Amino acid sequence: SLFLNFVAFEQCHRASSKHVTAYATFMASLLNTPEDARFLCDCKIIGRHYGTDGQIAHFFSNIGKDVVFDFRRNYLSQVLQDVNTYSEKDWR
């Protein structure tokens, strides 16, 4: 897909911004199950034109594999930190 090609391009070119890789890695951190994909689709965060909920979850869970990426140095670093802090709260 075009999205995968963008990630591959950023991985091959040191001077590239890594914005697509940051987005892909961020989405992969949010999408672990088909239920996660369904929720994000229902909220219109992502579109269903990528396939079924299972296919969407599978796509994003695999897109970040084997990429070199620094979580601390990208435009989504604060959002990633906030999501991790939120998910670590004890909700009982």
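Structure shown above.
First things first, this report covers the structure right here in the doc. Please read all numbers here as calculations on a predicted model, not as lab measurements.

**A look at the overall build of the protein**
Then step 1. Helix and strand content of the protein: five helices and zero strands.
Then step 2. Along the chain direction, N to C, the helices and strands of the protein fall in the order α-α-α-α-α.
Then step 3. With respect to the three principal axes, the spread of C-alpha positions in the protein is 45 × 30 × 20 Å.
Then step 4. Looking at the 92 residues of the protein, the share that counts as buried comes to 26%.
Then step 5. The contacts of the protein with a sequence gap of at least 6 include a subset with a gap of at least 24, amounting to 46%.

**Considerations on the layout of surface pockets**
Then step 1. Within this model, the largest pocket holds a volume of roughly 220 Å³.
Then step 2. Lining the largest pocket we find Glu10, Gln11, Arg14, Ser17, Lys18, Val68, Phe69, Asp70, Arg73 and Asn74.
Then step 3. Of the residues that constitute the lining of the largest pocket, the class distribution is two nonpolar, three polar and five charged.

**Comments concerning the packing of helix H3 (residues 34-42) against helix H4 (residues 53-63)**
Then step 1. In contact at an axis separation of 7 Å, H3 and H4 are set at 105° when each is read in the N-to-C sense. Here H4 runs roughly perpendicular to H3, going by the angle between their axes. Of the residues in H4, those in contact with Pro34, Ala37, Arg38 and Cys41 of H3 are Asp53, Gly54, Ile56 and Ala57.
Then step 2. Looking at side-chain class alone, the contact of H3 with H4 contains five nonpolar, one polar and two charged residues.

**A word on the packing of aromatic side chains**
Then step 1. Under the counting rule described, the total for this entry stands at four aromatic pairs.
Then step 2. Relative to Phe60, the ring of Phe3 lies with its centre 6.2 Å away and its plane at 70°, an arrangement referred to as edge-to-face. Remark: Phe60 occurs in helix H4 and Phe3 occurs in helix H1 (residues 2-12); sequence separation between them is 57 residues.
Then step 3. Exposure remark for Phe60: the relative accessible area of 2% places this residue in the buried category.

**Let's talk about the side chain of Asp53**
Then step 1. Looking at the secondary structure, you find Asp53 in helix H4.
Then step 2. The residues touching Asp53, leaving out its near neighbours within four places in the chain, are Pro34, Ala37, Arg38, Cys41 and Arg48.

**What to know about the packing of H1 against helix H2 (residues 19-30)**
Then step 1. Viewed as axis vectors pointing N to C, H1 and H2 meet at an angle of 120°, and their least axial separation amounts to 8 Å. As far as their axial angle goes, H2 and H1 are oblique. Like other packed secondary-structure pairs, H1 and H2 cross with a definite hand, here left-handed. Along the contact surface, H1 presents Phe3, Phe6, Val7, Glu10 and Gln11, while H2 presents His19, Val20, Thr21, Tyr23 and Ala24.
Then step 2. Each residue belonging to the contact of H1 with H2 can be placed in one class, and the counts come to six nonpolar, three polar and one charged.

What counts and how
- Residues numbered from 1 in each chain as written.
- Predicted model: local features only at pLDDT ≥ 70, side-chain atom pairs only at ≥ 80, totals over all residues.
- Heavy atoms only, no water.
- Helix = DSSP H or I, 4+ residues; strand = E, 2+ residues; numbered from the N terminus.
- Buried < 20%, exposed > 50% of the residue type's maximum accessible area, 1.4 Å probe, protein only.
- Contact = heavy atoms within 4.5 Å.
- 1 Å grid on protein atoms, 1.4 Å probe; cavity = no way out; pocket = protein on both sides within 12 Å on 5 of 7 lines; lining within 4 Å.
- Points joined across faces, edges and corners; volume = space filled by probe spheres on them.
- Nonpolar A, V, L, I, M, F, W, Y, C, P; charged D, E, K, R; others polar.
- Axes fitted to C-alpha atoms, helices over the stretch in contact; angles between N-to-C directions.
- Parallel < 35°, antiparallel > 145°, perpendicular 65-115°, else oblique.
- Phe/Tyr/Trp six-rings, centres within 6.5 Å; stacked < 30°, edge-to-face > 60°.
- Left-handed = near helix turned anticlockwise from the far one by under 90°.

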